[in-house]
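Geometric and topological summary
Given next are the chains, with one letter for each unit.
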Amino acid sequence: MGLNRIFQILVPKDKKFIPLFVQGAENVLDASKLLKEAFTETDIDKRNEKVRRIKDLEHKGDEITHNIFNELNRNFITPFDREDIQSLTSSLDDVLDLIDGAARRIVLYKLNSYEKEFVSFADLIIQCAEQIKIAIIELDNLKHPENIKKACILINSYENDADDLYHQSISGLFDTETDPILLIKKRDIFNVLENATDKAEDVSDVLKSIIVKVG
Amino acid sequence: MGLNRIFQILVPKDKKFIPLFVQGAENVLDASKLLKEAFTETDIDKRNEKVRRIKDLEHKGDEITHNIFNELNRNFITPFDREDIQSLTSSLDDVLDLIDGAARRIVLYKLNSYEKEFVSFADLIIQCAEQIKIAIIELDNLKHPENIKKACILINSYENDADDLYHQSISGLFDTETDPILLIKKRDIFNVLENATDKAEDVSDVLKSIIVKVG
Amino acid sequence: MGLNRIFQILVPKDKKFIPLFVQGAENVLDASKLLKEAFTETDIDKRNEKVRRIKDLEHKGDEITHNIFNELNRNFITPFDREDIQSLTSSLDDVLDLIDGAARRIVLYKLNSYEKEFVSFADLIIQCAEQIKIAIIELDNLKHPENIKKACILINSYENDADDLYHQSISGLFDTETDPILLIKKRDIFNVLENATDKAEDVSDVLKSIIVKVG
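Please read all numbers here as calculations on a predicted model, not as lab measurements.

Considerations on the overall build of chain A
Per the secondary structure count, chain A includes seven helices and zero strands. The order of α-helices and β-strands along chain A, N terminus first, is α-α-α-α-α-α-α. Considering chain A as a whole, with its 215 residues, one finds that 38% of them fall into the buried category. Considering only residue pairs separated by 6 or more positions, chain A has 83% of its internal contacts joining residues 24 or more positions apart.

Shown next as structure tokens:
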């Protein structure tokens, strides 16, 4: 047992971080749902409105991050290592940034049609975001660390699915898309989407490393 | 307050790291200025000479990194956490590598004309490098941590500007560039430039996390 | 000397991690050798079989990672910082993932011919993997930390070679490849290969930071 850990046991735990992380996780979940809607919306104005709302959530995420760092500033004692709080904050922020990045590219690339796999990716990101939320709520009391573990296992399996989906999508794209510029655009969106699920796995890695220490 | 922190208060602080970090920050600043010059130089020989000088600065950066690690080796007590010194070193190194990467691509891709946004990106990187230098000098005595905070806020705002510039540049590129191979080359340079400002934000994140601990 | 370090000296070291890391390093080495074979195999069925075996090694790597985390869970006292064990695990895993990524793209992109530089990259990755294995075996008793340093210096020099090879390959590709879609495919494989050597350097950085602390 490290000295930090002994020290943590001796001091009362300040739990102000968890509600902020829950807010962050809900924000990511909302953004992932809007991303799916944007990929399925056929009316361009309504679609652009959804992309704009994702950007708003991205700004809201920055505010939540800011509040977490302020809290870290005010509190000498935190329930978890400072490094873990920072990693969790920044990996959550990365997922949100990539959801926003995918959404912005919808507008940026002026695509007339979407690949159906874009929607499947959005679904996988939503599923990851749901498990992230479940795991972070569980951090609050840590009475059932096995629930965090279960959520992490699910996130990893979604990331594996995303990996397969990515290869299948790219393979299909190179087989069917003959316009190199359209190919570049669509491949870029697939890269961003796959990256978002990778970052969700990073969140799960931080959560796993937290329960290793406090579990 | 963590035990590490208590321990740090009890021991005299060895400040040999700060001058090395200042050297590193000045090196990044010099490289960013040369990058702008390379993007505006019309004489190919003179331009290649600037690209070569950036590569020299990149090697100088490796030496500075090496010296910081040697110092870390010699000193049991450092003014900051070892992790923070390592993160600061490697994120500074990343900025420099990407400046060098952008410069090398100028030569590599044999472009006849540059996008004016390349210069705007170089300007943003210079501004980031200036604030990084200001913040690192301030680390020396930590009498005014609010100045570090101010520099970090500016770096974040430059990174936001870079994000907008990136989307605007890529959008313009896809609207006007019909040659897919030229599009690939220019888009790659934009990606590297945008990545450089992202890494500058990583430097700012490390600086923020240092002042949270010692502030 | 940090308190963690004092604490480490006072407690018996549990060495169960090293054999797991050696397994991991050997796994990466095997995968890198198969990658070279896949790039030189002309019979498509035999080549696909090698790609499939790399995927098996990738799964084996996941299992090794899983075992390391289980061990971390069971042991309060580890010979190294938890953070270092996590970084070493995840950077080794990254190298393996990228080897697998390069192998999968061979099949995915249905290329009729390979660039000879693919083989040179595979050679550099093999050389990195060999030095990683040497360094990790040396971690076991730490009687000769200078051997770890020597391995890390070699890995860095291979990464520099890979950097030069990358620029030379991309330059050649843009000079000779006129089909933009083929260019996208081959460039992507070069990016993945170069990334693999970058991640090998990350492994070397973690190893260097471990010997700074315990050396």
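Thoughts on the nonpolar core
Residues and elements named next belong to chain B. One finds V28, L35, V95, I99, I125 and I132 to be the most contacted residues of the largest nonpolar core, which totals 56 residues. Those elements that place two or more of their residues in this core are α2 (17-40), α3 (44-74), α4 (82-108), α5 (116-138), α6 (145-176) and α7 (180-214). Among residues more than four places away in sequence, those in contact with I125 are S32, L35, I99, A196, T197 and A200.

A look at unusual backbone geometry
One non-glycine residue, A:K110, lies in the positive phi region at around 45°. Within the secondary structure layout, A:K110 lies in the loop between α4 (82-108) and α5 (116-139).

Section: the packing of helix α3 (residues 44-74) of chain C against helix α4 (residues 82-108) of chain C
Packed helix pairs are characterised by how far apart their axes lie and by the angle those axes make with each other. Residues and elements named next belong to chain C. For the pair α3 and α4, interaxial distance at closest approach is 9 Å and the crossing angle is 165°. By the angle between their directions, the pair α3 and α4 is classed as roughly antiparallel. α3 and α4 meet at a crossing whose hand is left-handed. From α3, R47, N48, V51, I54, K55, E58, G61, T65, I68 and L72 reach across to α4, where they touch R82, I85, T89, D93, L96, D97, I99, D100, A103, R104, I106 and V107. Partitioning the contact of α3 with α4 into residue classes produces 10 nonpolar, four polar and eight charged.

Quick notes on α6(B)
Under the 1.5 Å per step criterion, the end-to-end length of α6(B) is 46 Å for 32 residues, consistent within 8% with the ideal 46 Å. When we look at burial in α6(B), the residues that qualify are B:I148, B:A151, B:C152, B:I155, B:Y158, B:A162, B:L165, B:Y166, B:S169 and B:I170.

Focus on the environment of B:D81
Among the structural elements, B:D81 can be located in the loop between α3 and α4. The sequence separation of B:D81 and B:L165 amounts to 84 residues, and the corresponding C-alpha distance is 35 Å.

What to know about the environment of A:K150
Looking at the element boundaries, A:K150 is found in helix α6 (residues 145-176). As a C-alpha pair, A:K150 and A:I134 span 16 residues in sequence and 9.8 Å in three-dimensional space.

Focus on the confidence of the model for chain A
For chain A, mean pLDDT is 89; residues scoring 70 or higher make up 90% of the total. Here helix α1 (residues 3-10) of chain A stands out as the least confident element of chain A, with mean pLDDT 45; α5(A) is the most confident, with 97.

A word on the packing of helix α2 (residues 17-40) of chain A against helix α3 (residues 44-74) of chain A
All names here are of chain A. Viewed as axis vectors pointing N to C, α2 and α3 meet at an angle of 165°, and their least axial separation amounts to 9 Å. Classified by the interaxial angle, the pair formed by α2 and α3 is roughly antiparallel. As for how α2 packs across α3, the hand of that crossing is left-handed. Every residue of α3 that contacts α2 at F17, L20, Q23, G24, N27, D30, A31, L34, L35, E37 and A38 is listed here: R47, K50, V51, R53, I54, L57, K60, G61, I64, N67, I68 and E71. Looking at the contact of α2 with α3, its residues break down into 11 nonpolar, five polar and seven charged.

The rules behind these values
- Residues numbered from 1 in each chain as written.
- Chains lettered and ligands numbered in written order.
- Predicted model: local features only at pLDDT ≥ 70, side-chain atom pairs only at ≥ 80, totals over all residues.
- Helix = DSSP H or I, 4+ residues; strand = E, 2+ residues; numbered from the N terminus.
- Buried ≥ 20, exposed ≤ 12 C-beta atoms within 10 Å, placed from the backbone.
- Contact = placed C-beta atoms within 7 Å.
- Core = buried A, V, L, I, M, F, W, Y, C linked by C-beta atoms within 7 Å.
- Axes fitted to C-alpha atoms, helices over the stretch in contact; angles between N-to-C directions.
- Parallel < 35°, antiparallel > 145°, perpendicular 65-115°, else oblique.
- Left-handed = near helix turned anticlockwise from the far one by under 90°.
- Nonpolar A, V, L, I, M, F, W, Y, C, P; charged D, E, K, R; others polar.
- Expected span 1.5 Å × (residues − 1).
- pLDDT = per-residue confidence, 0-100.

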